[in-house]
Each structure stands twice: as structure tokens, then as C-alpha cells.
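What the coordinates show
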Amino acid sequence: LGLCVSRASASVLNVNCCLVLLPMCRVLLAFLRGSQKVASRKTRRLLDKSKTFHVTCGITICIFSVLHVAAHLVNALNFSENYNEDFLALNAANYRGEVSQLYLMSVLVPGLTGVIMVLVLFLMCTASTYAISLSAILFSCRGVLKYQTNLEEHPPGCFNPNKTLQENMTVPKAFEETFPDYTTEPFPEDLSVPEPFVQNNFMRICSEEPKFQSHFPETWFWISGPLCLYCVERLYRYIRSNKPVTITSVISHPSNVLEVRMMKADFKARPGQYVILHCPRVSMLESHPFTLTMCPTDTKATFGVHLKVVGDWTERFRDLLLLHSNQDTEILPIFQQRRYPKLYVDGPFGSPFEESLNYEVSLCVAGGIGVTPFASVLNTLLDGWKCYKLRRLYFIWVCRDIESFRWFADLLCMLHDKLWQENRPDYINIQLYLSQTDGIQKIIGEKYQALNSRLLIGRPRWKLLFDEIAKCNRRKTIGVFCCGPNKISKILHKLSNSSNSYGTRFEYNKESFS
């Protein structure tokens, strides 16, 4: 039973170690997301679960690693107690009753490297699930199970005339029961042979001693392909991101939000994608993902991100970018005598929000700073909306602070005015919700009059909102996109899976950095 469990768990580990790296190939996933010819919408929506799939593989590796080690510990006792002197090459133990610590670590449990692998796996589990897959390369190359290489010269259960009868009587009966009809030569009448070696007047004669060889480790076959693919992608990403970007301007927004605009040669991105920022002066080891709020186009090469200052990394990054961290500096142009720190950008990488332009009707729900992925979509629509499949956009933005709406108030007003001028005021439905009513005031007077009329107090009534959208878009498929608190996400997910009487189908999508 111990051998069965250890072999079965090893097979599960091989499969999961093969698959665990694939969801981390961000460049490959971004290519599949952006190619509608290679992957259909349903296939691209499955890619949104890549992080969940990666975590599931990592947890499976942890569970079956413990099971695999436990099975080998049982095997250690079994091999020691069932030491067989007739087949010395098959014995994993050196003698009956050998259960010393050295024996368990270097002989029975698949080698010292196997123990090291388990220890490393435990340390990585306590730190993150991201590096679990790399532990597979530490697996031992020494096999416990062996196979016979000379079956023709020594068929199982054969009789060796060079040995005494007493020695041959100890051959395990399992071989006789497994191969009852295996025979090589007729049985001579003048030779007295014990009954276990005789079947149908034939006896099995072996010409040499059995020879055994350990199975070649299979782990390398499973992990070599994905590991090579992952290493090639990491090398490609390193080469692509080894040149720093040019920071053109830094804008400080209300509520501790910083906007960084930059340029990079040959940088292309689609609305909804994200990048990974690395600033060596802030930290040599840390890198953080940020959604693009402005994508480069044919007419402008500038792209940008909005980041909320909420931790040590963002605070130090802000202090390096702004002249004084406690001063709300509006804009610091590149031509000003100011040396920005070196900033490296890795990406862009795909996200579910790329699909928002591929639906005829989309519902985009943002909570606070979660508006950033939709900002790039709105900027793209400002440049031109007729080339996309999208014909109606519901934009819901929930904030606690009235000042937070100023982050993209200009963008929303410009898009609203553009659509009115093009006689398409129904193209976008903007609803702004202020969840906290302390200090209620208009956004900024007459400048944002279009937004003041769309500002609502309280939280959205999601059920009524879904019913209204379903009624206005009968028998259509609506893409639902959410970037915000988990509470809102769960509500939207539940409502998207609910049926309605209008034949409208909601497909739920959620932001998830991988």
C-alpha cells in the first residue's frame, strides 16, 4: 500500500509541477488574450482564472508532497521488515531491521535531495505560493522501485540448477502465481525438482542471476518543457524591460493618488492591460503591478498609471518623484530642473478588462482607485469609439470621498461632451455614488456640471440596476466588469449568474493580477 500511495502521489505531483508554471507565463497569456483568431471569447475568459489555477496547483503540490513523504516513511519500515536474501539487488535496506536516521534520509526516502525539497517547499509555502513550482527541480534522481533487465536469461520463478534445492525453495510464490506457464525447457524425468518449479511437465531454467535497474526519474520529463518555456519568457521580459522609461510628468491628485506619465520606445499596449513597475532606488527586490490609465496611440506615445499611496513602497516612490512629499505639487514637467529616479517597466500584460470593448453592451463597476482599468478604456473611447464593437457602456463609480471623483473628472466630462457633439448621448451612462455623506458638496461648480447631475448619495441598489439594464437590453449578452472591494464583487457575481425574465445574459469578469 505504501508503494501504491507513493507512486500515485508522485504522478499527481508530476502533473501539477508541469502545469503550475504555465499560468505564470504572462507574455503567453497576453498574446492569447489579444488574439481573437487564436482564442475565442470563452477561451479568453478561462484565462482570467489563471491565478486561481496556479494557486490550486500549488496547494495540490503541498498536499501530495506531504502524502508522498508519509508514504515513503511507511515504505522505509516495510523495506526494513521484509528484507529478502534471495534478491539482494531489490532490497532498499542493507539488512533486516535497518531503520536508522541515515538510512531513512539517504536510502529509502528518495535521497537527501528529496528531504531538502520538502524543507524548501515548506519555506516557500510560508512565504508565497508563487515559487512552489520551482521546488520540483530538487527532486531526487535515486529510484526505490526497480525493474529486471534480463528476463530472457532469468525468467521470473525459474529454477537455477547451480544452487541447492534448499536455496531455491525460498523463491517467492508470487512469481509462480504471476507466471504459472512461463517455461523454457522440457522437464527431465531423472531429475527430482520440487513441485513449485514444475508446471505441465516443464521446468523453468535460469542461466544467470537476476539483474535489476532503477527506473529513470520521470519528473524531468514533466517539468523540463514548462520550465524551459518559463525561463525563455523571463529572459525575454528581462531584455524587454532593461531600459528605463522617460518620465514626462508627475501629477499629484487628491486623496493621496499620484499620476505618472512616461514614454518608452516601441511600447504598445491595449486598454485594460497592466504593467509592473520597478524602481531600484525604492527597492532592488520589489516590483508592483499597476493598471495603465493611459495607453499610447498612433498620435501620442505617452502612457501613464495612477497609484494610491498606501504603503512603504508607494510612499518612498512618491517622495522621490515629488519635490516635497507633504506638498501637493500639481505638475512637474520634464524640462524642469528635476532628476527623476530610474524607472523600469515590465509589460504590458493582459487582464479581463480588455474584453470590455468586445461586447455590444458592457457594465463597468469601479470602487475607489479600482477605476484605473476603466480610465484607459475611457481614454480610448475619447480617441474614437466607432471602430469597436461596444455600442453602450454603463459606468458605475462608487467612492467614499467626494474629492476622489476629481481623479478622472476632466476625462469623463470630455467624453460626455464628445458624445453629445456626435449625437450619441446614450452611448455612455455615467452614475457616480458617494457612499459617505460627510461634507456633501458639488464636485467643482460649473466646470463639472455634467457630473454634478449624475452624482448620487448612498450605495447602488444592484438588483434594481441589473433589472433595468436587462430590460433595456433584451436578449443580449452583457459583459460585467468589476474592480473594487470583494463585497461588491461577490454581489455582482451572484447577480450575473441569476436568471431574468428578459432573456438577457450577464457575463462576469473581475480584475486579478497574476
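None of these values were measured; they are calculated from a predicted model.

Cut-offs and rules
- Residues numbered from 1 in each chain as written.
- Predicted model: local features only at pLDDT ≥ 70, side-chain atom pairs only at ≥ 80, totals over all residues.
- Heavy atoms only, no water.
- Helix = DSSP H or I, 4+ residues; strand = E, 2+ residues; numbered from the N terminus.
- Buried < 20%, exposed > 50% of the residue type's maximum accessible area, 1.4 Å probe, protein only.
- Contact = heavy atoms within 4.5 Å.
- Polar contact = N/O pair within 3.5 Å; in protein donor to acceptor, adjacent residues only side chain to side chain.
- Pairing = 2+ DSSP bridges.
- Axes fitted to C-alpha atoms, helices over the stretch in contact; angles between N-to-C directions.
- Phe/Tyr/Trp six-rings, centres within 6.5 Å; stacked < 30°, edge-to-face > 60°.
- Lys NZ or Arg CZ within 6 Å of the ring centre and 35° of its normal.
- UniProt positions renumbered as here; feature names shortened; annotations may be inferred.
- Left-handed = near helix turned anticlockwise from the far one by under 90°.
- Nonpolar A, V, L, I, M, F, W, Y, C, P; charged D, E, K, R; others polar.

Focus on the overall build of the chain
Broken down by element type, the chain carries 15 helices and 17 strands. The buried share among the 514 residues of the chain stands at 47%. Restricting the contact set of the chain to residue pairs at least 6 apart, pairs at least 24 apart contribute 72%.

Comments concerning the side chain of H278
Checked against the element boundaries, H278 lands in strand β8 (residues 274–278). Side chain to side chain, H278 and S287 meet in a polar contact 3.3 Å long. Filtering out sequence-adjacent residues up to four positions away, H278 remains in contact with S283, M284, L285, E286, S287, K342, L343 and Y344.

Describing the sheet that holds strand β16 (residues 477–483)
Read from one edge to the other, the open sheet built from 6 strands follows the order β15-β14-β13-β12-β16-β17, with strand pairing classed as parallel. Here the strands that pair on one side only, and so sit at the sheet edges, are β15 (455–457) and β17 (505–510). On average, each strand axis in the sheet is inclined to that of its neighbour by 20°, with strand direction left out of account. Bridging between β16 and β17 involves 6 bridges; their strand directions are parallel.

As for the packing of aromatic side chains
Counted by the stated rule, this structure contains 14 aromatic pairs. Connected via pairs of aromatic rings, a cluster forms that spans F353, Y359, F374, F395, W397, F405, W407, F408 and F481. It is R26 that lies over the ring of F349; its NZ or CZ is 5.7 Å from the centre.

Some points on the UniProt feature "transmembrane region" (unreviewed entry) in the chain
With numbering matched to this structure, UniProt assigns "transmembrane region" (unreviewed entry) to residues 12–32, 53–74 and 112–139. Along residues 12–32, the helical share is 71% and the strand share 0%, with 27 Å between the first and last C-alpha atoms. Taken end to end, residues 53–74 is 100% helix and 0% strand, and its first and last C-alpha atoms sit 32 Å apart.

What about the packing of helix α11 (residues 372–383) against helix α12 (residues 409–421)?
Look at α11 against α12: their axes get within 10 Å of each other, and the N-to-C directions meet at 35°. For the crossing formed where α11 meets α12, the hand is left-handed. Contact residues: A375, L378, N379, L381 and L382 in α11; L411, L412, M414, L415 and K418 in α12. For the contact of α11 with α12, a count of residues per class yields 8 nonpolar, 1 polar and 1 charged.

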